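Structure at a glance
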Amino acid sequence: MNALILAAGLGTRLGSLTADKPKALVNVAGRPMLEHQIRKLRGAGFDRIIVNVHHFAVQVKDFLSQSRYSDITVSDESDMLLDTGGGIRKAFHIVSDDSPLLVHNVDIFSDTD
């Protein structure tokens, strides 16, 4: 199954927390938001995860370069933030097959399966 985590946003509503790092790497309960979402998606059976990046993209790429995340694909919007629809469209070519694509914001937390 395919999942796209939207993590490219500027995170302006988080103020000083995103002055030197992307929203996706802001800690919640001791872990970056992005890590929470990856764990949740993997636990639900998603085997193909794509993360779009823009704001402090290098930091997110560095985080994802860790061996436990080496199977995650990055859709890079460093040149221009594409917003939600554009980010989905750009990443869609990465989807591995005709199976459905779940789109998930990096800052949405839920206990829904």
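From a predicted model like this one, the values you see are computed outputs, not experimental measurements.

Attention now goes to the sheet that holds strand S6 (residues 101-105). Strand order in the open sheet formed by 4 strands is S5-S4-S1-S6, and the pairing between neighbours is parallel. The open sheet is flanked by strand S5 (73-76) and S6, the only strands paired with a single partner. The average angle at which neighbouring strand axes cross in this sheet is 25 degrees, direction not considered. Of the pairings in the sheet, the one linking strand S1 (residues 2-6) to strand S4 (residues 48-53) comprises 5 bridges and is parallel in character. Its bridge partner lying in S4, Asn2 is registered against Arg48. Running at roughly 155 degrees to S4, helix H2 (residues 57-64) makes contact with S4 and S5 of the sheet. Contacting S1, S4, S5 and S6, helix H3 (residues 83-92) runs over the sheet at an angle of about 140 degrees to S1.

Now for the nonpolar core. Of all hydrophobic cores here, the largest spans 21 residues; its most connected members are Ile5, Leu34, Ile38, Val51 and Leu64. Elements represented by at least two residues in this core include exactly S1, helix H1 (33-43), S4 and H2. What Ile38 contacts, discounting residues up to four positions off in sequence, is Ile5, Ile49, Leu64, Tyr69 and Ile72. Listed in part, the 6 residues of the second largest apolar core include Leu6, Ile50, Ile94 and Val95.

What counts, and at which threshold
Residues numbered from 1 in each chain as written. Predicted model: local features only at pLDDT ≥ 70, side-chain atom pairs only at ≥ 80, totals over all residues. Heavy atoms only, no water. Pairing = 2+ DSSP bridges. Helix = DSSP H or I, 4+ residues; strand = E, 2+ residues; numbered from the N terminus. Axes fitted to C-alpha atoms, helices over the stretch in contact; angles between N-to-C directions. Contact = heavy atoms within 4.5 Å. Core = buried A, V, L, I, M, F, W, Y, C linked by side-chain atoms within 4.5 Å. Buried < 20%, exposed > 50% of the residue type's maximum accessible area, 1.4 Å probe, protein only.

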